[in-house]
Amino acid sequence: MSTTLLVFFALAAISLLAAWRVVTDPQIMHAGLWMGLCFVGVAGIFLLLTAEFLAGVQILVYVGAITTIILFGIMLSDVEEVQPQEPPFYRFRRRFGRWWQPALPLLVAAAFLVALFTIYGQAGWSDLQPVGPAASTPAGLDIPAIGHALFGPYALPAEAASVLLLSALLGALVLAMREETLRVFRGSPGSSRVLQPGSGMAGREVNAGETDHPGQDEKKEVGAGT
Amino acid sequence: MLNAYTDIAVFMTVAILFIMISLLLSRLLRPHHPESGKLATYECGKTPFGDARVRFKIRYYIFALVFLVFDVELLFLYPWAVTLDDLGIVALAEAAVFLALLFGGLLYAWRKKVLEWQ
């Protein structure tokens, strides 16, 4: 067995173990961290496939940002709130017994597997040429190729990705502004300055991120505007 | 293949083994006398109260999401920066459009005062 195959099996084992722990760990916070480990394993597999940029992306975005987002999501939600009052499909389960409980996920997993292999079979892997051994060349060999593709023939999808990111950003802003509107509705302090058409952009720039206490920012804005 | 990453693999293995061995050694060496005061959660010397799992403000999530958006934007810019010399002015224009779209969103957030902490 070659070293590459050995490393692949080790990484696959780590990823699968972590993925299994994500769904079985009783502590939801730990489950989030296990998901991070699963992403690390997948990054290692990308590295084995000489997709170095993708491995870096996997670490930077998935391990770094997505895991953080998930953990934030857990911290933002009351865990007691999330737990359902009665288990899902309670009536259905009481009526039809428990035999379908392992059968249904197995069925879904099998269908997913068949779909995956169908798609992978159409990909035409034999046409692919290896980019080159990553061992003999300096790191980041595939990055120029990605750059050429991304801003050459695939420029429009890249711009579409920007639009997608913009919509994600706006979605986050709408969430934040809805909280703001709720605060206006309840009439708590700090609501009067949500929209101030009078003050200029320069004042807001200084103001952004510095105001910890409501009430002080009025003075700050005047000071920054002069 | 992948000899360039052997160093990293060795480093990670040694780091994990170092933690595991030192934890195991200290478990073998230390005395073990648990009592309720020792087992209590340490909270800067005060008696801890309430539950550790409190609900955080949604503002943290906004900043995490905005971070994620610009993190992904950075990923697009990295191959662009590497190949800018070859691709020339067209790639520069493409990246300008790419950045302008997201910068518009940021400006919008700024004007709506969503980025302020309150």
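These numbers come from a predicted model, not from an experiment. Think of each chain on its own: its residues are numbered from 1, step by step along the sequence as written. Note on labels: chains are lettered from A, ligands numbered from 1, in written order. Thresholds applied to this predicted model are a pLDDT of at least 70 for local features of residues and 80 or more for the giving and counting of side-chain atom pairs; totals over whole chains, interfaces and linings are not thresholded and use all residues. For the side-chain quantities, the full set of heavy atoms in the structure was used; hydrogens and water were omitted.

Here we look at the overall build of chain A
Strands here are runs of E lasting at least two residues and helices are runs of H or I lasting at least four, both read from the DSSP assignment and numbered beginning at the N terminus. On a plain count of helices and strands, chain A comes out with 10 helices and zero strands. Secondary structure elements of chain A, listed N to C terminal, follow the sequence α-α-α-α-α-α-α-α-α-α. Buried positions account for 27% of the 226 residues belonging to chain A. Within chain A, residue pairs in contact and separated by at least 24 positions form 46% of the contacts whose partners lie at least 6 positions apart. To be clear on the numbers: accessible area is Shrake-Rupley with a 1.4 Å probe, and residue cover counts the displayed protein chains and nothing else. When the accessible surface of chain A is summed, it comes to about 14900 Å², and 71% of that surface belongs to carbon and sulfur atoms. Using a 1.4 Å probe on the protein chains alone, a residue whose accessible area is under 20% of its type maximum counts as buried, one over 50% counts as exposed, and one in between counts as partly exposed. Residue contacts follow a heavy-atom distance rule, with two residues in contact if any of their heavy atoms lie within 4.5 Å.

Things to note about the packing of aromatic side chains
The geometry of an aromatic ring pair is captured by two quantities: the separation of the ring centres and the angle between the planes. Pairing of aromatic side chains here covers Phe, Tyr and the six-membered ring of Trp, requires ring centres within 6.5 Å, and sorts the geometry by plane angle: under 30 degrees stacked, over 60 edge-to-face, intermediate tilted. This structure, assessed with the given rule, holds four aromatic pairs over all chains. The interplanar angle of 70 degrees and the centroid separation of 5.2 Å between the aromatic rings of Phe39(A) and Tyr62(A) together place this pair among those described as edge-to-face. Here the residue Phe39(A) occupies a position in helix α2 (residues 28–48), and Tyr62(A) occupies one in helix α3 (residues 52–76), the gap between them amounting to 23 residues. Residue classification places Phe39(A) among the buried positions, given a relative accessible area of 15%. Tyr62(A) gets classed as partly exposed once you look at its relative accessible area, which sits at 35%. Ring centres of Phe76(B) and Phe98(B) lie 5.1 Å apart, and the angle between their planes is 45 degrees; this geometry places the pair in the tilted category. Here Phe76(B), found in helix α3 (residues 58–87), pairs with Phe98(B), found in helix α4 (residues 89–111); they are 22 residues apart in sequence, far enough to count as distant. This pair shows no difference in class: Phe76(B) is buried, exactly as Phe98(B) is.

Brief notes about the side chain of Glu73(B)
Relative to the helices and strands, Glu73(B) resides in helix α3. Overall, Glu73(B) belongs to the buried group, its relative accessible area being 8%. Setting aside anything within four residues of it in sequence, one finds Glu73(B) in contact with Leu165(A), Phe98(B), Leu99(B) and Leu102(B).

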